Structures are given as structure tokens and as C-alpha cells.
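Examining the three-dimensional arrangement
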Amino acid sequence: MLHRQYNAAAELTDGIAAKDLEKQGSQEKIGAGPAMFQTLFPSRFAIESTEASADGLTIHAVQTVLFNPPGVESAVRPAMYAKLNQVVSLRKTSSGWKVTSFDNKFDSMDSLSAR
């Protein structure tokens, strides 16, 4: 999702269209959108909770996106971070676990020097 590969992400779902995933895209949810990302670094994820049910599993997590905005370049470390609160529901199918819903909400953004 962060790298905007919505067709590939849709293949991991149980019927969610790529165009619907694009509306939930991580870059689209942060600040000015994709134009503000010059370099993306590997994200960090913190699982806040999991809920099992007869239908499957729901995961509440926080994704920390690490990046450099345009004009700031470092191959070694990111200059900024953004946090996204995510809720993902999964269902076990005959072909493995599939995402049945995905909610992605912007939480905060700041420079890493401010942390």
C-alpha cells in the first residue's frame, strides 16, 4: 500500500478492488499526498491489539512511515515520520488468509529531530 502497488495489494484481499484500496493508500492519507515523498524508508509497525472471532481476525496497528520530503536527501536516515492508525480484518480462505477490510487513518507527522 505505501508504495502504491494497489493491484498487488488487491490480490491479497477477498474482493477489495484496487481502486478502493487506492482511496485508503498511505501516501494519499499523509499531508500533501504522494508529492511530499522524495525517499521512502522501511516502515515500522506496532500491533496494538488483535481480536479473534468466528469470522477471522482483526488487527489494530500503527504504521510509522519514515521518509524524506523533496529537497532533503539522505540515503542513511529519514528526516520525517508519519503515523497511521490501521485496522485490518482477515478471513481464512482455501487459498490462505485474505484481507476483508482495511481502514487507514492519518494520526500525526513531524520531523525526526522533534521526537
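Refer to the structure printed above.
Residues numbered from 1 in each chain as written. Predicted model: local features only at pLDDT ≥ 70, side-chain atom pairs only at ≥ 80, totals over all residues. Heavy atoms only, no water.

**Focus: the sheet that holds strand E4 (residues 96-111)**
In spatial order, the strands read E1-E2-E3-E4; together these 4 strands make up an open sheet with antiparallel pairing. Two strands bound the open sheet, and with one partner strand each, they are strand E1 (39-53) and E4. For this sheet, the mean inter-axis angle between neighbouring strands, taken without regard to orientation, is 20 degrees. As paired strands, strand E3 (residues 80-93) and E4 are joined by 14 bridges and run antiparallel to one another. In the sheet register, Val87 faces E4, and the bridge partner there is Asp103. (Pairing = 2+ DSSP bridges. Helix = DSSP H or I, 4+ residues; strand = E, 2+ residues; numbered from the N terminus. Axes fitted to C-alpha atoms, helices over the stretch in contact; angles between N-to-C directions.)

**Topic: the pattern of salt bridges**
Counted according to the given criterion, the structure contains 5 salt bridges. Here Asp14 and Arg91 are joined by a salt bridge, their closest N and O atoms 2.1 Å apart. Separated by 77 residues along the polypeptide, Asp14 in the loop between helix H1 (6-10) and helix H2 (18-23) and Arg91 in strand E3 bring together distant segments of the chain. Because the salt bridges share partners, they merge into one network encompassing Lys19, Asp20 and Lys23. (Salt bridge = Lys/Arg side-chain N within 4 Å of Asp/Glu carboxyl O.)

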